[in-house]
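Descriptive structure summary
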Amino acid sequence: MPARNRLIVPGAEEAVQQMKIEIAAELGVELSGNTTARGNGSVGGEMTKRLVREAQSKWQQ
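Every chain is numbered independently, its residues counted from 1 as its sequence is written. Under the rules for a predicted model, residues below a pLDDT of 70 receive no local features and side-chain atom pairs below 80 are neither given nor counted, while totals for whole chains, interfaces and linings still include all residues. As a rule here, side-chain values cover all heavy atoms of the structure and leave hydrogens and water aside.

Quick notes on the overall build of the chain
Put simply, DSSP H or I for four residues or longer makes a helix, DSSP E for two residues or longer makes a strand, and each gets a number counted from the N terminus. Scanning the chain for helices and strands turns up two helices and zero strands. As a reference, a globule follows 2.2 Å times the number of residues to the power 0.38, and the radius of gyration itself is taken over C-alpha atoms. Relative to a compact globule of 61 residues, whose C-alpha radius of gyration would be 10 Å, the chain shows 14 Å and is clearly more extended. For the chain, the C-alpha atoms occupy an extent of roughly 40 × 35 × 20 Å along the three principal directions. By residue count, 16% of the 61 residues in the chain fall in the buried class. Taken as a whole, the chain presents about 5400 Å² of accessible surface, with 54% of it coming from carbon and sulfur. Each residue gets one of three labels from its accessible area relative to the maximum for its type: buried under 20%, exposed over 50%, partly exposed in between, using a 1.4 Å probe on protein chains only. Here the Shrake-Rupley method, with its probe set to 1.4 Å, supplies the accessible areas, and only the displayed protein chains count as covering residues.

Spelled out as structure tokens, the structure:
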């Protein structure tokens, strides 16, 4: 089965990974195999909020 989450912007994978690391540090979540689902979810949720906010601000310009 082909991957559905293809990145179409070169360099986006590194930027997303860096964002994840920064947000995890801000929230005090250690990114590892032992991280709870709640911890991972908080990082993912914050990433989504920030990406949506960024897109909305660019859309309104």
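Once the structure has been displayed, the description carries forward.
Observations regarding the environment of Trp-59
You can see Trp-59 is positioned in helix H2 (residues 37–59). A residue is classified by how much of its surface remains accessible, and Trp-59, at 75% relative accessible area, is exposed. Separated by 38 residues in sequence, Trp-59 and Ile-21 have C-alpha atoms that sit 26 Å apart.

What to know about the nonpolar core
Within this scheme, the nonpolar core is defined by two criteria: the residues are buried Ala, Val, Leu, Ile, Met, Phe, Trp, Tyr or Cys, and they are joined through side-chain atoms within 4.5 Å. Ranked by size, the top nonpolar core spans six residues in total: Met-19, Ile-23, Ala-24, Val-29, Val-43 and Met-47. Where this core is concerned, the elements lending two or more residues are helix H1 (12–27) and H2. Considering every element that reaches this core, the biggest residue donor is H1, with three residues. Residue contacts are defined here by distance: any two heavy atoms, one from each residue, within 4.5 Å place the two residues in contact. Every residue in contact with Val-43, bar those within four places of it in the chain, is listed here: Lys-20, Ile-23, Ala-24, Leu-27 and Val-29.

What about the pattern of salt bridges?
We define a salt bridge as a side-chain nitrogen of Lys or Arg found within 4 Å of a carboxyl oxygen belonging to Asp or Glu. Taken as a whole and judged by the stated rule, the model has four salt bridges. Taking the shortest distance from any N to any O, the salt bridge between Arg-50 and Glu-46 comes out at 2.9 Å. Taken together, the positions of Arg-50 and Glu-46, both in helix H2 and four residues apart, correspond to about one turn of that helix. For Arg-50, a relative accessible area of 28% puts it in the partly exposed group. Note on Glu-46: relative accessible area 17%, which makes it buried.

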